[in-house]
Amino acid sequence: MLKSSKRLNQQDKNLKMDNKDFLNPVGKNIPRIDGKGLVTGQTKYTFDMNLPGILVGKMLRSPHPHAKILKIDTSKAEQLPGVKAIITAEDTSKIKFGSNEYFFPHTVDQEALESQKVRYIGDEIGAVAAIDEKTADEAIKLIDVQYEILPAVFDAEEAMKPGAPQVHNHVRNNIGVMLPVNFGNAERGLQESDYVREDVFYCQSAAHACMETHTCVGQWETFSNKITLWISHQAPFKVREALAKCLKMNLNDIRVIKLASGGGFGGKLEMLPMDFSACLLSKKAGGVPVKICYNREEEFSFSRRKHSMIYKLKSGIKKDGTIVAITGEVIADGGAYCSYGPTVLAAATMRIFMVYKIPNLKITAYRIYTNNPVSGAIRGFGGVQSGFSIESHMDLLAQGIGMDPVEFRLKNITEPNMVTTNKMIITSNGLRECIEKATAASGWKQKHGKQQNICRGIGIGIAADVMGSKMYKSHESGGAIIKVEEDCSVYLFTGAADTGQGANTALSQIAAQELGISFKRIKCTAADTEITPFDTGSFASRVTFISGNSALLAARDAKQQILNVVAQEYQCQSEDLDIKAEQVIKKASNSVIISFEKAVELCYSFNYGTQVIGRGSFNPKTTPIDFRTGEGNVSGSYGFEAQIAEVEVNKETGEVKILKIWDAHDVGKAINPQSVKGQIEGSLIMGIGYSLYENLQFKNGRVVNPNFGHYKVPRSVGIPPMESILIETNDPNGPFGAKGMGEAALLPTAAAIANAIEDAVGIRLKELPFTPDKIIKALKGMTK
Amino acid sequence: MTTTLIVNNKKYELNLKGHETLLEVLRDHLGFTGTKSACQEAECGACTVLVDGKSVLSCITLAATLDSQNITTIEGLSQGDNLHPLQEAFLEKGAVQCGFCTPGMILAAQSLLNKNLAPTEEEIKKALDGNLCRCAGYVEIVEAVKSAGQKLKNG
């Protein structure tokens, strides 16, 4: 038996954590499990990957927004010394891939390398692998592609008109996805309302702008028929699935390994042509690894982006503030391919039911193909655009009947333990408390409507979020394995992909707590499709809730195996035993039987020889969404928040200064309060960027600001003070009561700021972002 | 052209053509991959290293111009098994999320602390303004720098 207690005590001598915190890690600010590697530069990202003989891959892209591919001649490029492989659609199966295949098979629309047409500037039609970047770039230039240029369309509303250029030949009016959400009788509801108003909101496109650009290394060992793809990603199992489909291979032929990933934010959620190409180039080059790493311009121009949206709303309320009916239309610019379009629309429309009790609702959402770059998933999915639109609209409705916006919301919000109009099952719900706590902390009553003399105002926005979303597959399970070694060190294998949010730490905290051992015993191995169990990925704020539950179940299973051995040895019932803080105890008396170390020693002893391998698989109880109406329970739990912004507007310069933001968040239970706060603030700051300046701009389909000089992201200067208020509602289905919360904090930010701007200077902004020119224009309009 | 680079107190004799950036030399020739890069055009700060204690952007600095100067990368901050106070503080304050900006951020902070061990919040924010963190952990980063400064000041 190897002894580990000494090592255990010496570990983490740099960190001033109390040992008893490690023994009961849930709810404690345990430092990142992978933190030391990150702060010392030892951790390897895909960006840092280098292998013997590694080649540099580059994509061959369309320079045209819309054109027919007539001929691709690679002969000159092939002659160039240093070029090792060139691929085009001729080398592929031409099988199409998409992200919402299960529920929306008609949206599977992208070829790994396009064979017939190009649909946006940057569309991938080939790739080159060469000994260095310069040679690869040169080879790309030597490939002669003949196109027949087709008329293009760049505006979603124009694209819907009869006679507009058709981006996909089989899709009429370019309506790639139409999502009707329809409950009750909205028309009658409007007629029966005391006050009805209409508003139209405009939401711009934006970029993920991850610090680590899209990067992958592919290696195809042809004789053993095995592909390994190292990748900076949020959903390695999804990449594997798409690769297997396009390459007609088995899942176990493909190993996708997520290394440390420099951010994702929704941008690294699907297979891209570059991932496919790295593998296929490697095959063609005889099994030599190929690395493809986007530069910043490629990242901004050719990865994925936020859907720009027009959000039209017409709603009716009673004199007392009760919402009667909401109707609306959403038009989203989807760009050239569908990507995550259907689920973005679903999130942009159905999410309102988690927040408000609405008896009658009719919103129809359209995702329109254009010849712009591809819109896809980005933190909040469509919830940021709908959050701005709906929460601004709510303020205007309240204003219309002279009601305080907070009071108006409190009158209409969802409650704990209810079923929404569209059959979402809400269990824990701290929304009321969130609103009350945020308004109290911000001094709402003393400030709202009372600071116009100094151009200051305060505004609120509220939101809700899912904890996973069963919109991609028949299941959205997470899996985990716990392995207790002979020396009492413990492995947690999880399929979940930590892209920086601290998932490996939180899941290890959950596992250690359930297993009853010190956090320090655990090493977490994650997101390797060959050695960790399946997990759908880091999206929909699902990891703490779903992967967390699987880690908990795996730990419980491992614990049971240990307790079975102890019970047999000590002639008692295993149900009467538990492990707490490294001791096997009798539950009834709390008396210690033996230590965890002794118990493990017993498992591996001559008499028992039992390996301790716990397994956990968790798939939340949900009901499928009927996408013809929007009915169904998409998530196993829902999270809530209220956000309040206080701003000061400079009437001379049009500048908006955010004085402070308060965010009260129903997190169920904070597994790691410090990480939770980091997620809230990080998300919120992204929301501030989107509200005030982030704007991915296009001209004739070309991104015109593909760099940090022209695409402004939040920097350390200008970050306002923020106060996060954590509300713990102990969700009945969450691990230790926890919910996920990676996304919700940016959903209401734009509206809270817009509402605050109106409170400050009386102008209503309906078009994002709130740049000084728009403020000045609106102020001038007011004085006319 | 032979250039002597002193990286993390070790001498490296390099045969450079002259056009190689410091970033390229550190990462590709010497294997100091802790130095990151997210734009290659001096707009993100991820490639920040120290030259004679001052922060420079290695993506726009030619390595050949730094003959015999002291270069510190993130790999050179910790002493043996002991983390540098800034590294410790970044972990304690939760200032690390994806970690990709962290090496550059820590070195930019070190450059500030080399001049001033008790910077104000505004001074820290200003010193780190060229270093982007898309996970947006700025609040914690500022707290960490403040706390590390205090630690270093108190010896």
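Residues numbered from 1 in each chain as written. Chains lettered and ligands numbered in written order. Predicted model: local features only at pLDDT ≥ 70, side-chain atom pairs only at ≥ 80, totals over all residues. Heavy atoms only, no water.

A. Region of the structure containing helix α20 (residues 673–692) of chain A. With 20 residues, α20(A) ought to run about 28 Å at 1.5 Å a step, and its terminal C-alpha atoms sit 28 Å apart, in line with that. Here α20(A) lies mainly inside the structure; 17 of its 20 residues are buried. (Helix = DSSP H or I, 4+ residues; strand = E, 2+ residues; numbered from the N terminus. Expected span 1.5 Å × (residues − 1). Buried < 20%, exposed > 50% of the residue type's maximum accessible area, 1.4 Å probe, protein only.)

B. Local environment of the interface of chain B and chain A. In this complex, chain B contributes 46 residues to the contact, which on the side of chain A involves 50 residues. Buried surface at the junction of chain B and chain A, summed over both partners, amounts to about 4,000 Å²; 57% is from carbon and sulfur atoms. The largest share of the area that chain B buries against chain A comes from L91(B), F100(B) and R134(B), three residues that together contribute 21% of it. Seen at the junction of chain B and chain A, the total is four salt bridges. The residue E694(A) makes a salt bridge to R134(B) at a minimum N-O spacing of 2.7 Å. (Contact = heavy atoms within 4.5 Å. Buried area = accessible area lost by both parts, 1.4 Å probe. Salt bridge = Lys/Arg side-chain N within 4 Å of Asp/Glu carboxyl O.)

C. Spotlight on the domain arrangement of chain A. Residues and elements named next belong to chain A. Along its sequence, chain A is carved into domain 1 (5–31 + 477–618), domain 2 (55–150 + 214–293) and domain 3 (308–471 + 624–783). Look at where the C-alpha atoms of domain 2 and domain 3 centre, and you get two points 36 Å apart. Contact with domain 2, which involves 22 residues of that partner, is made by 25 residues of domain 3. Where domain 2 abuts domain 3, roughly 2,000 Å² becomes buried across the two surfaces, and 60% of that area is made up of carbon and sulfur atoms. At the junction of domain 2 with domain 3, the criterion picks out zero salt bridges. Taken together, the links from domain 2 to domain 3 amount to eleven residue pairs in polar contact (both at pLDDT 80 or more). (Domains from an automatic or database assignment. Polar contact = N/O pair within 3.5 Å; in protein donor to acceptor, adjacent residues only side chain to side chain.)

D. Layout of the pairing of strand β27 (residues 612–618) of chain A. Residues and elements named next belong to chain A. On β27, burial follows the alternation: V612, G614, G616 and F618 on one face are buried, whereas I613, R615 and S617 on the facing-out side are not. Both strand β21 (residues 478–484) and β27 contribute to a ladder of seven bridges, which runs antiparallel. If you follow I481 over to β27, its bridge partner there is R615. (Pairing = 2+ DSSP bridges.)

E. Summary view of helix α15 (residues 431–442) of chain A. Residues and elements named next belong to chain A. Over its twelve residues, α15 extends 16 Å from the first C-alpha to the last, a length consistent with the 16 Å expected when each residue adds 1.5 Å. Looking at α15, one finds that the buried residues are L431, C434, I435, A438, T439 and S442. The buried residues of α15 all sit within an arc of 115° when viewed along its axis, so they share a single face. Taken from the residues just after α15, G443 is the one with a positive phi, measuring 70°. (Arc of directions from axis to C-beta.)

F. Quick look at the domain arrangement of chain B. Residues and elements named next belong to chain B. Domains assigned within chain B are domain 1 (2–75) and domain 2 (85–153). Taken over C-alpha atoms, the centre of domain 1 sits 21 Å from the centre of domain 2. Listed by partner, the interface residues are 17 residues for domain 1 and 13 residues for domain 2. Summing the contributions of domain 1 and of domain 2, the shared interface buries around 1,100 Å²; its carbon and sulfur component is 64%. Seen at the junction of domain 1 and domain 2, the total is zero salt bridges. At the surface where domain 1 touches domain 2, the tally comes to six residue pairs in polar contact (both at pLDDT 80 or more). Elements with a minimum of two residues in the side of domain 1 that touches domain 2: β3 (48–51) and β4 (54–57). Here the residues of the side of domain 1 that touches domain 2 sort into six nonpolar, eight polar and three charged. (Nonpolar A, V, L, I, M, F, W, Y, C, P; charged D, E, K, R; others polar.)

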